[in-house]
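Residue-level listing of the chains:
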Amino acid sequence: MKVTIVGAGNVGATCADVISYRGIASEVVLLDIKEGFAEGKALDIMQCATNTGFNTKVSGVTNDYSKTANSHVVVVTSGIPRKPGMTREELIGINAGIVKSVVENVLKYSPEAIILMVSNPMDTMSYLALKSLGIPKNRLIGMGGALDSSRFRTYLSLALDRPVNDISAMVIGGHGDTTMIPLTRLASYNGIPVTQFLSEEVLEKVAADTMVGGATLTGLLGTSAWYAPGASVAYIVDSILNDQKKMIACSVYLEGEYGQNDICVGVPCIIGKNGVEEILEIDLNEKEKALFAKSADAVRVMNEALKT
Ligand code: NAI
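The model shown is predicted, which means the values in this text are computed figures rather than measured ones.

Colleague: Before we go on, may I ask you to explain the overall build of the chain in this structure?
Modeller: A count of helices and strands for the chain gives ten helices and 14 strands. Projected onto the principal axes, the alpha-carbon positions of the chain cover approximately 55 × 50 × 40 Å. Looking at the chain as a whole, 44% of its 308 residues are labelled buried. Taking the contacts inside the chain whose residues are at least 6 apart along the sequence as the reference set, 70% of them involve residues at least 24 apart.

Colleague: Quick question: what am I supposed to make of the pairing of strand β12 (residues 246-255) here?
Modeller: The two faces of the sheet receive side chains in turn, since in a regular strand these alternate between them. As defined by bridge partners, β12 adjoins strand β13 (residues 261-272) across ten bridges and the pair is classed as antiparallel. Opposite I248, over in β13, you have C269 as the bridge partner. Between β12 and β13, which pair antiparallel in sequence order, lie five residues; one of them, G256, sits at a positive phi of approximately 105°.

Colleague: So what exactly am I meant to see when it comes to the environment of V18 here?
Modeller: Here V18 is to be found in helix α1 (residues 10-21). In this structure, the C-alpha to C-alpha distance between V18 and V237, residues 219 residues apart in sequence, is 11 Å. Dropping the residues within four chain positions of it, V18 is found in contact with G230, A231 and A234.

Colleague: Sorry if this is basic, but what is going on with the nonpolar core here?
Modeller: If you look at soluble globular proteins, the nonpolar side chains tend to sit buried side by side. Counting residues in hydrophobic clusters, the biggest one holds 85 residues, and the most contacted among them are L116 and V237. In terms of residue count, the dominant contributor to this core is helix α9 (residues 227-241) (seven residues). Domain assignment of the residues forming this core places at least three in each of domain 1 (2-143) and domain 2 (144-306). In this structure, L116 is in contact with V73, V74, V75, V76, I141, M143, V233, I236 and V237, ignoring residues within four places of it in sequence.

Colleague: Help me understand the sheet that holds strand β10 (residues 188-189) in this model?
Modeller: Within a beta sheet, neighbouring strands are joined by backbone hydrogen bonds and run either parallel or antiparallel to one another. An order of β7-β10-β11 is seen for the three strands of this open sheet, with the pairing classed as antiparallel. The open sheet has two free edges, formed respectively by β7 (167-168) and β11 (192-193), since each of these has just one partner strand. The pairing of β10 with β11 spans two bridges and is classified as antiparallel. Looking across to β11, one finds that Y189 is bridged to I192.

Colleague: Any chance you could explain the domain arrangement of the chain here in plain terms?
Modeller: Once the domains are mapped, the chain shows domain 1 (2-143) and domain 2 (144-306). Each partner contributes residues to the interface: domain 1 has 37 residues there, and domain 2 has 35 residues. Of all the secondary structure elements, the ones that give two or more residues to the side of domain 1 that touches domain 2 are α1, β4 (73-76), α4 (88-109), β5 (114-117), α5 (122-133) and β6 (140-142). A per-class count over the side of domain 1 that touches domain 2 returns 23 nonpolar, seven polar and seven charged.

Cut-offs used in this document
Residues numbered from 1 in each chain as written. Predicted model: local features only at pLDDT ≥ 70, side-chain atom pairs only at ≥ 80, totals over all residues. Helix = DSSP H or I, 4+ residues; strand = E, 2+ residues; numbered from the N terminus. Buried ≥ 20, exposed ≤ 12 C-beta atoms within 10 Å, placed from the backbone. Contact = placed C-beta atoms within 7 Å. Pairing = 2+ DSSP bridges. Core = buried A, V, L, I, M, F, W, Y, C linked by C-beta atoms within 7 Å. Domains from an automatic or database assignment. Nonpolar A, V, L, I, M, F, W, Y, C, P; charged D, E, K, R; others polar.

This is the structure in structure tokens:
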């Protein structure tokens, strides 16, 4: 199975690395506009093969989409970060131009590919890609909830002082500091609600830390994170290529689910060989429903910037 990753920067290269050493795909192609950059990253990753024991073929290309032909999954990480003085609308405008041309090129050579959107603002870029490509909605998946849920589980694990893989928890809604919704009420430790172990005050702090999880890392690193984002993308790719049907919160196109229409926003999905196999409509309480509606409204405001 072949995976193309557009953008060989921090997230794209990390994702290629994880996919390779975990043997998730037999072939990975990295593509970037920076001359020689993807080639260099690919060679570096390939040279890990003997010491980590993988057989995935990793190659890199500069802008040559013909080398991406017949990819099963295409991950889009190309884009620029917001620069000082740049408005959110300006950033959306620039990244929208990049994402639109990238996905058009990708589909020329891999018309059946499942697109995994990572570039920010991710919910809006997912919506743009879906609308401009006209591909079936099951083939467009935005990565945000997988990362945010992973951060939520990490903070819960630290608060409980228990292993993170014994903790189950999910974040839905928009992929932004103010729009994501950590579902504290449904979080559990080996099936037992975490509310039995942690006070309301601690849980509020865990949720707040989760929501600023990305910003905290940007503050510490001076740039946005890549290990957890790359691993989160690889986790979704694994579920697609190996038809694992994992339940993962992803940004997908809604047509009536959760009371929303014509928007891509994070909800629990079953991810398998067809991409989005199913959208799960879980029972939210009134407070969670209100938060979800507010979150969707905020994403819609961002989507409006695509028209300017
Ligand atoms: P980066 O700057 O390290 O890498 C981006 C790469 O894209 C660069 O190598 C650049 O040359 C390339 N690129 C730009 N325009 C291109 C084009 N037209 N064609 C091919 N390649 C092109 O950035 P990083 O840290 O890897 O982040 C990538 C994107 O992912 C950003 O938009 C970032 O905000 C987003 N992101 C999203 C996350 C999520 O949860 N959805 C998490 C982390 C980052």
